[in-house]
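Coordinate analysis (summary)
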Amino acid sequence: MRISLFILSFLLLSLNSLVIMADNTKLSVCGAARAVPTSTQNTKPTCVNVNSQGIPTASLNSAAFNNGARCGQCYELTGPLGKTVVMVADVCDAGSACQQSDLFNFIIANEEFDKIGNRSDYGNIFSLGYQIVSCGYTGNVQGLFTGPSSSPNTFTYFLSVVFSNNNVAIKKVLIKGLSWPLYESLTNQNGNWKWNKNVYELQFPATLYVTSNTGETATYQMNSKPLTSQQIDLDFQFNPKPISSLENSDCSMALLPQYIYQDGLTYGWVDSQSFNYQNFTDLSRDTKSGSGTCIYAELDGHGGIKFTREGDFQTTYLEKLSFDIKTSVDSSSFAVYFGDVATKNIDPLVALNWTTIQLNVKDLTNNTVEGALTFFNNQAGPIIVWLDNIKWTYTDDAPLNEPTMNLTEVNNKPSTTSGSATTSSNPSSSSSSSSTGVGSDSSIFGLSSENQENQSGHHASSNTNILLPTTFVFFISITILSLLF
């Protein structure tokens, strides 16, 4: 009997803590980034607010991490083999990829990399597509409150709150204590939002005013001191509405940079797999313009200059390939191709003098995703070749303005919801000052009359939490009891 009751209790607790995940709503346009796999992830990540509940986590380079502003934010990553969704949990600051500020650099677990790329063939995806998405929680935002370390249950001069299970990242948090005329701002430190006494001591009831990156707002009324050292269901969730212009689009891999080579190889391209040559340099000064650098190669018969890009690249938006070329022998026969089989001979034959050649990409027998582009000596004898200004011309529908560092959520027609710390009725809101809005540079804020009206006019359902509905748990309980007894 006791064993049966123990089993029943365990099952009920397991069911009652089950988190239900929803779809990931697209929140931004598509961007261009890079991904790297790792076999080890930090067991104590920088972001203190990450409770991923099964969502794989990722580290970002320092500039993208932005001092913790992106802690808990979810992204859909697109590689040559598919897609995966990850949540930002940590920062990387070692090595050039982590220290650069030109694009997002995601470090993800090996098993997540394998969903989007082929780790056995390459260790980077340089043409990664990425997009901000909601994290897919159907339950409520959770809060963990603490006071100062010397007295964690006292909030008079200090309060910190760590939010988790939020569908989108949180942009701003304000607090208003009893009899305060204005709201004061909390400071975000890697997902830990902290308030220090500025003018007024904090007394209860008090109100938190939380704004998501999509512009949605929510209030949480604390009728008394919040419980500490345990997660509290805040009775609200950010649920951004799908935007048709985003939902109807499917992010592909990032668009290639226009140039493969112009006074040097562009980011992500290498020529180390060139073959059958005697001498090779990509820093020759014998250029068409007389300045800068070009590629110089002494190729053997059937030798080639091969450009590869780790993580492959998508050819969908590539229309033409152009380049400047000359050779040591007049009327030389060269071929250009993707993959491993020579398919397109350069016509006319390459001459002694610099010539600009333009080819249709579709004539190179391309697949949707490719990994290399080769310039091949079709002749049995050796030849010297110079190459410069190798570039793509895009199709008219190509996404030419893919952001790298400035990917932001689309404002999502924000609504305001509210939750309460107790089951009793909420006290009246403190009156706001004559301030005209929330978006001031000051650390103290007044809320506009429109925001105050929204607070009182919209309420989150108290049933919307991360626990399974009570009726469902009750039904399961009766079923198990009938089986046991």
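Read on for an overview of the structure. Because the structure is predicted, anything quoted here is derived from the model rather than measured. Along each chain, numbering runs from 1 in the same order as the chain's sequence is written. The model is predicted, so local features are restricted to residues of pLDDT at least 70 and side-chain atom pairs to those at 80 or more, both for listing and for counting; the totals for chains, interfaces and linings are taken over all residues. To get the side-chain values, all heavy atoms of the structure are used, and hydrogens and water are removed first.

1. Observations regarding the overall build of the protein
Secondary structure is summarised from DSSP: a helix means a run of H or I of at least four residues, a strand means a run of E of at least two, and numbering begins at the N terminus for each. Across its full length, the protein holds 7 helices and 27 strands. In this scheme, a residue with accessible area under 20% of its type's maximum is buried, one over 50% is exposed, and one in between is partly exposed, where area comes from a 1.4 Å probe on protein chains only. Expressed as a percentage of the 485 residues in the protein, the buried residues total 49%. Contact criterion: two residues are considered in contact whenever any of their non-hydrogen atoms come within 4.5 Å of each other. For the protein, the share of sequence-separated contacts (at least 6 apart) that also reach a separation of at least 24 residues comes to 77%.

2. Some remarks on the nonpolar core
Each nonpolar core is a collection of buried residues, namely Ala, Val, Leu, Ile, Met, Phe, Trp, Tyr and Cys, held together in the definition by side-chain atoms within 4.5 Å. Grouped together as the largest cluster of nonpolar side chains are 52 residues, with contacts concentrated most on F106 and F163. Looking at this core, the element that brings in the most residues is strand β6 (residues 125–133), giving 4 residues. Sequence-distant contacts of F163, defined by excluding residues within four places in its chain, comprise N49, V141, Q142, I170, V173, G191, W193, L208, V210 and L234. Counting residues in hydrophobic clusters, the runner-up holds 33 residues, among them F323, F334, V361 and L387.

3. Some remarks on the sheet that holds strand β7 (residues 142–146)
The 5 strands lie next to each other as β11-β12-β8-β7-β15, forming an open sheet whose pairing is antiparallel. Edge positions in the open sheet fall to β11 (187–189) and β15 (232–233), since each of these has one partner strand only. Between any two strands, pairing holds if DSSP finds at least two bridges. For strand β8 (residues 158–164) and strand β12 (residues 192–196), the ladder comprises 5 bridges, and the chain directions are antiparallel. Along β12, the bridge assignment pairs S160 with K194.

4. Re the sheet that holds strand β5 (residues 104–109)
Taken in spatial order, the 6 strands line up as β1-β5-β2-β4-β3-β6 and close into a barrel, and their pairing is mixed. Ignoring strand direction, the axes of neighbouring strands in this sheet form an average angle of 50°. In this sheet, β5 lies alongside strand β1 (residues 31–38) in parallel orientation, the contact comprising 6 bridges. In the strand pairing of β5, R34 is matched with N105. Simply put, an axis is a line fit to the C-alpha atoms, just over the touching stretch for a helix, and the angle between two N-to-C directions goes from 0 to 180 degrees.

5. Concerning the environment of V91
Relative to the elements of secondary structure, V91 occurs in strand β4 (residues 83–92). Taking the C-alpha atoms as reference, V91 lies 5.8 Å from N61; in sequence the two are 30 residues apart. If we ignore the near neighbours within four places in the chain, the residues touching V91 are T46, S59, L60, N61, S62 and F65.

6. Thoughts on the state of the cysteines
Disulfides are defined in this document as cysteine sulfur pairs within 2.5 Å. Across all of its chains, the model carries 4 disulfides by this definition. Between the sulfur of C74 and that of C135 lies a disulfide, 2.1 Å long from S to S. One quick way to see it: the torsion about the S-S bond of C74 and C135 is about 105°, and its sign makes the bridge right-handed. Of this pair, C74 sits in strand β3 (residues 74–78) while C135 sits in the loop between β6 and β7, placing them 61 residues apart in sequence. The disulfide bridge from C92 ends at C98, spanning 2.1 Å between sulfur atoms.

7. Comments concerning the side chain of T78
Summarising the element assignment, T78 is placed in strand β3. Think of a polar contact as two N or O atoms within 3.5 Å of one another; within protein, one of them needs to be a possible hydrogen donor and the other a possible acceptor, and neighboring residues in sequence only count if both atoms come from side chains. A polar atom in the side chain of T78 sits 2.8 Å from the side chain of K83. Apart from residues no more than four positions distant in its own chain, T78 is found in contact with K83, S127, L128, G129, C251, S252 and M253.

8. Let's talk about the pairing of strand β13 (residues 206–212)
The buried fraction of β13 amounts to 7 of the 7 residues, a majority that puts the element mostly inside the structure. In the sheet, strand β9 (residues 170–176) pairs with β13 via 6 bridges, with the strands oriented antiparallel. Across the sheet, the residue bridging to K172 is T211, located in β13. Note: β13 against strand β14 (residues 217–222), 6 bridges, orientation antiparallel. Residue Y209 lies in a different strand from β14, and its bridge partner there is T219. Counting the residues that bridge the hairpin from β13 to β14 gives 4 residues, and of these G215 lies at a positive phi of roughly 95°.

9. Some remarks on the pairing of strand β25 (residues 383–394)
Sheet analysis places strand β16 (residues 259–261) next to β25, joined by 2 bridges and oriented antiparallel. By the bridge assignment for β25, Y259 is matched with K391. Relative to β25, strand β19 (residues 294–314) runs antiparallel, the two being bridged by 5 bridges. The partner of L299 across the bridge, within β25, is I383. Alignment of strand β20 (residues 318–327) against β25, held across 8 bridges, turns out to be antiparallel. For D324, the partnering residue across the bridge sits in β25 and is D388.

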